[in-house]
Amino acid sequence: MADSEISGADGAAERADRAGRIVVGVSGSLGSLAALHHAVAEAHRTDAEVLALLCWTSPGEEIGYRRTPCPAAITAGRDAAVARLRQALDEAFAGRYAGVRLRCQAVRGDTGHTLVRFADHPDDLLVLGAGSSRGCLSRVLRPSVAAYCVRHASCPVLAVPRPPLQRDLEAMERGHGLRSLVSGR
């Protein structure tokens, strides 16, 4: 991808004298790819820079890492995150130039907190995929990243709805989607 850089940064957001930018969370899911496309379309319209972030945590999460630090595991985790980010960008743009200023980073940290930390300027725009529909237990165990960002961000947050293909795939996973796909409902 021309004009884009991919790195595995662990540091905080760089702040230069600049106008607002578009920060987009990327995980490789259909929802995050839709958010990435929306962010690039907005960047075309406003001539803003896009910062695509893939957030990752250490194996065993941070508590496990603090108890038993393992630099090799951190390096492997960062390398895997960078590879996943490259794959997501290739899938989103088919290996072609996105047509905007695009900077990409794999950043170690909790997704919601990290996205809010990087989208820290009032002129920024934080773009997220709305995610998949989840049950009550799943919402309790893993709170919504979008809800966290809306509550804590200092800039506007845009949650891009799930693409129709993602909704169809989720319906099929639940077992009753084949009927609705065949009947066209």
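Remember, predicted model here, so these are calculated numbers, not experimental data. (Residues numbered from 1 in each chain as written. Predicted model: local features only at pLDDT ≥ 70, side-chain atom pairs only at ≥ 80, totals over all residues. Heavy atoms only, no water.)

What to know about the overall build of the protein chain
For step 1, the next point in the chain: A tally of helices and strands in the protein chain yields 8 helices and 6 strands.
For step 2, the next point in the chain: Start at the N end of the protein chain and walk to the C end: the helices and strands fall as β-β-α-β-α-α-β-α-β-α-α-β-α-α.
For step 3, the next point in the chain: Burial statistics for the protein chain: of 185 residues in total, 34% are counted as buried.
For step 4, the next point in the chain: Looking at the protein chain alone, contacts between residues at least 24 apart form 81% of all its contacts between residues at least 6 apart.
For step 5, the next point in the chain: Entry remark: accessible area of the protein chain is about 10400 Å², with carbon and sulfur atoms responsible for 55%. (Helix = DSSP H or I, 4+ residues; strand = E, 2+ residues; numbered from the N terminus. Buried < 20%, exposed > 50% of the residue type's maximum accessible area, 1.4 Å probe, protein only. Contact = heavy atoms within 4.5 Å. Areas by Shrake-Rupley, 256 points an atom, 1.4 Å probe, with all protein chains shown as cover.)

Let's talk about the state of the cysteines
Throughout this description, disulfide means a covalent bond between two cysteine sulfur atoms.
For step 1, the next point in the chain: For the coordinates displayed, the defined rule picks out 0 disulfides.
For step 2, the next point in the chain: There is no disulfide at Cys-155, and the cysteine sulfur nearest it, in Cys-149, is 8.8 Å away.
For step 3, the next point in the chain: Cys-155 gets classed as buried once you look at its relative accessible area, which sits at 10%. (Disulfide = S-S within 2.5 Å.)

Quick notes on helix H1 (residues 30-46)
Given 3.6 residues per helical turn, the α-helix brings residues three or four places apart onto the same face.
For step 1, the next point in the chain: In this model, H1 (17 residues) spans 24 Å end to end at C-alpha, consistent with the 24 Å of a helix rising 1.5 Å per residue.
For step 2, the next point in the chain: For H1, the set of buried residues is Gly-31, Ser-32, Leu-33, Ala-35, Leu-36, Ala-39, Val-40, Glu-42 and Ala-43. (Expected span 1.5 Å × (residues − 1).)

Some thoughts on the confidence of the model for the protein chain
For step 1, the next point in the chain: Confidence along the protein chain averages 80 in pLDDT terms, with 69% of residues attaining 70 or more.
For step 2, the next point in the chain: Counted against residues more than four places away or in other chains, residues 11-17, with its pLDDT under 50, gives 15 contacts. (pLDDT = per-residue confidence, 0-100.)

A short note on helix H4 (residues 111-118)
For step 1, the next point in the chain: Listing the buried residues of H4 in full gives Gly-112, Thr-114, Leu-115, Val-116 and Phe-118.
For step 2, the next point in the chain: Contacts from the buried residues of H4 go to strand E2 (22-25), strand E3 (50-56), strand E4 (102-108), strand E5 (125-129) and helix H6 (145-152).

Some thoughts on the pairing of E4
For step 1, the next point in the chain: For E4, the tally of buried residues reaches 6 of 7 residues, placing the bulk of the element in the interior.
For step 2, the next point in the chain: Pairing analysis gives 7 bridges linking E3 to E4, with the strands arranged parallel. Opposite Leu-53, over in E4, you have Gln-105 as the bridge partner. (Pairing = 2+ DSSP bridges.)

Points about the nonpolar core
For step 1, the next point in the chain: Counting 30 residues, the largest nonpolar core has Ile-22, Val-24, Leu-36, Val-50, Phe-93, Leu-102 and Val-127 as the members making the most contacts within it.
For step 2, the next point in the chain: Of all the elements in the fold, those that place two or more residues in this core are E2, H1, E3, helix H3 (71-93), E4 and E5.
For step 3, the next point in the chain: The leading source of residues in this core is H3, at 8 residues.
For step 4, the next point in the chain: Counting residues in each nonpolar core, the second largest holds 14 residues, with Leu-115, Phe-118, Leu-126 and Cys-149 among its members. (Core = buried A, V, L, I, M, F, W, Y, C linked by side-chain atoms within 4.5 Å.)

Focus: the environment of Tyr-148
For step 1, the next point in the chain: Looking at the element boundaries, Tyr-148 is found in helix H6.
For step 2, the next point in the chain: For the pair Tyr-148 and Thr-111, spaced 37 residues apart in the sequence, the C-alpha separation amounts to 9.5 Å.
For step 3, the next point in the chain: Apart from residues no more than four positions distant in its own chain, Tyr-148 is found in contact with Gly-112, His-113 and Val-116.

Some words on the pattern of salt bridges
For step 1, the next point in the chain: Considering all chains together, one arrives at 2 salt bridges under this definition.
For step 2, the next point in the chain: Among the salt bridges present, the one from Arg-45 reaches Glu-42, with a minimum N-O distance of 2.5 Å. Taken as a pair, Arg-45 and Glu-42 lie in helix H1 at a separation of 3 residues, close to a single helical turn.
For step 3, the next point in the chain: Of the charged contacts in the structure, one is a salt bridge between Arg-103 and Glu-49, with a shortest N-O distance of 3.5 Å. With a gap of 54 residues between them, Arg-103 in strand E4 and Glu-49 in the loop between H1 and E3 connect regions that are remote in the sequence. (Salt bridge = Lys/Arg side-chain N within 4 Å of Asp/Glu carboxyl O.)

Some remarks on the pairing of E3
For step 1, the next point in the chain: Among the 7 residues that make up E3, 7 are buried, leaving the element largely enclosed by the rest of the structure.
For step 2, the next point in the chain: Bridging between E2 and E3 involves 4 bridges; their strand directions are parallel. Residue pairing for E3: Val-23 is matched across the bridge by Leu-51.

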